[in-house]
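Listed here are the chains, written in short residue letters.
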Amino acid sequence: MNFWEFLESRHQQLLTDTLQHASAVFQCMVLATVIGVLIGVATYRSELAGNFATATTATILTIPSLAMIGLLVPVVGLGVAPTVIALTLYGLLPIVRNAIVGLRGVDPQLVDAARGIGMSRLAQLLRVELPLAWPPILTGIRVATQMLMGIAAIAAFASGPGLGNIIFRGVASLGSANAINQVLAGTLGIVILALLFDAVYVLIGRLTIPRGIRA
Amino acid sequence: MSSDTPSKPSASTEDRPAELRDKDRALVAELERERQDREAAPATGERVLDRLTWQRVAVVPAVVAVVLLATWMWYRGAELDSIAKQSIEGNVWPRVREHIELTAISTVLVLIIAIPLGIALTRRALRGAAPYVLAVANLGQAVPALGLLVLLVIWRGIGAETAIIGIVIYAALPVLANTIAGLQAIDPQLTEAAKGIGMSGSEVLRRVELPLAVPLILAGVRTALVLNVGTATLATFGGGGGLGDLITAGITNQRMPVLFLGSVLAVALALLIDWLAGVAELLLRPKGLEVRT
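A brief report on the enclosed structure follows.

Calculation notes
- Residues numbered from 1 in each chain as written.
- Chains lettered and ligands numbered in written order.
- Predicted model: local features only at pLDDT ≥ 70, side-chain atom pairs only at ≥ 80, totals over all residues.
- Heavy atoms only, no water.
- Contact = heavy atoms within 4.5 Å.
- Buried area = accessible area lost by both parts, 1.4 Å probe.
- Helix = DSSP H or I, 4+ residues; strand = E, 2+ residues; numbered from the N terminus.
- Nonpolar A, V, L, I, M, F, W, Y, C, P; charged D, E, K, R; others polar.
- Buried < 20%, exposed > 50% of the residue type's maximum accessible area, 1.4 Å probe, protein only.
- Expected span 1.5 Å × (residues − 1).

1. Focus on the interface of chain A and chain B
Counting residues at the interface gives 42 residues for chain A and 49 residues for chain B. Summed over both partners, the interface of chain A with chain B buries about 3,900 Å², with 78% contributed by carbon and sulfur atoms. Sorting the residues of the side of chain A that touches chain B by element identifies helix H3 (47-62), helix H4 (65-76), helix H5 (80-104), helix H7 (121-155), helix H8 (164-172) and helix H9 (179-208) of chain A as the ones contributing at least two each. The leading source of residues in the side of chain A that touches chain B is H9 of chain A, at nine residues. Each residue belonging to the side of chain A that touches chain B can be placed in one class, and the counts come to 31 nonpolar, eight polar and three charged.

Printed below as a string of structure tokens:
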């Protein structure tokens, strides 16, 4: 069976796995973005807290993803739970760091001006600081998504959802004729998903970054 | 001739008096801020890991030591059945050693390949190719490490050698991108000045460009080490050994103690290697570059 025949005969399964992969990464990215921006907002004003948040999330990134999943399985069991927790944790790092950098990079004069025209603290944050910090945060989201695509594949070893399952089916049947088709389909599927997500982020950037602050 | 290049550390730790530590700390914090400012906009696709500060120098080994001690005490008291015993006994140190070997060999190879290639791609003859290489490198980041490794196994057969090739391919791209970025970021006025006082092309490279690019190259070394220690856990899926063996044995046989032990050791090893690389980064960075003018 060549690669195209393989794709044709398994397209139902492949489509399901691809959709599950995309949806797992997407949902964890939404979660990571919300938590990450909240952490950024809570800590960027304090030198100590901001640096602590950056250092902690950077330390999480150094942990091998298979080991992270290995530590989660005894606590939360196999399946979706360790996948979601691991993906969200790894997704946090670039977002927290870029949120803090972006918020700290906002010109204090602009915040002063916002206060001067009578904006509340919340309005300053929502209408001045976060929009100005949005481009680096979006960059963080892009970097994190690309990383999560690969980590989600590894999470399939702990019975997580997605394209990793096809790759591991190939690993289990190494030497058989279909092994290469399975691994190739899983790998290419992830590459295509990563590129699609990236294209969507470029589009989101076009639509949401005000023309005045575009690089 | 090159004895006065700034790439040698001008001060080592023992002759740095205590009152200078605070100054160092302030400088490191300052540098960190500047670096973050620089990084804020163009941090696309690269995984730059954050530099170590002196506070973290003390914290990380202390935490790792406590965790390892706690794990050891738990292990001594744990009741293991025969399957778990079989997976663990006599199987821990060889796996740790394999893991360190995989990481070390692949890191050396990554540096031997990526840094000279990065230098070549910033020379005049090849400069035009650099954007294309970087675009391919960014695209390559979208390939999952697991898929890459398993495809290599299908192509070349199982074993440590295949695992090392996979690890090297995966880490070479970010280090290459880092090296090129480091050399490209050098103020052209400095290289012009060096040429102006009569330096040849290789002298400019050796005495001006490379010393100035040391911080970014060191950051690349650290990135490679951390990526490699992580990818090395996947070597188990290609029969390459390492601590991934314990983790996969734990999951496949449903023996949580084996899984837990393998994971804790992999985490501890990764944190220690990142810590060592961070300390090396702090010590080897040319002192003249700590205050940017």
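The structure having been displayed, the exposition proceeds.
2. As for unusual backbone geometry
The residue Ser159 of chain A is not glycine, and still its phi comes out positive at about 60°. Mapped onto the fold, Ser159 of chain A is located in the loop between H7 and H8. The backbone of Gln254 of chain B sits at a positive phi, close to 50°, despite the residue not being glycine. By the element assignment, Gln254 of chain B lies in the loop between helix H10 (244-252) and helix H11 (256-284). Gln254 of chain B gets classed as exposed once you look at its relative accessible area, which sits at 57%.

3. A short note on H11 of chain B
Taking 1.5 Å per residue as the helical rise, H11 of chain B with its 29 residues ought to reach 42 Å, and the 42 Å between its terminal C-alpha atoms agrees with that figure. Within H11 of chain B, 21 of the 29 residues are buried, which leaves the element mostly enclosed by the surrounding structure.

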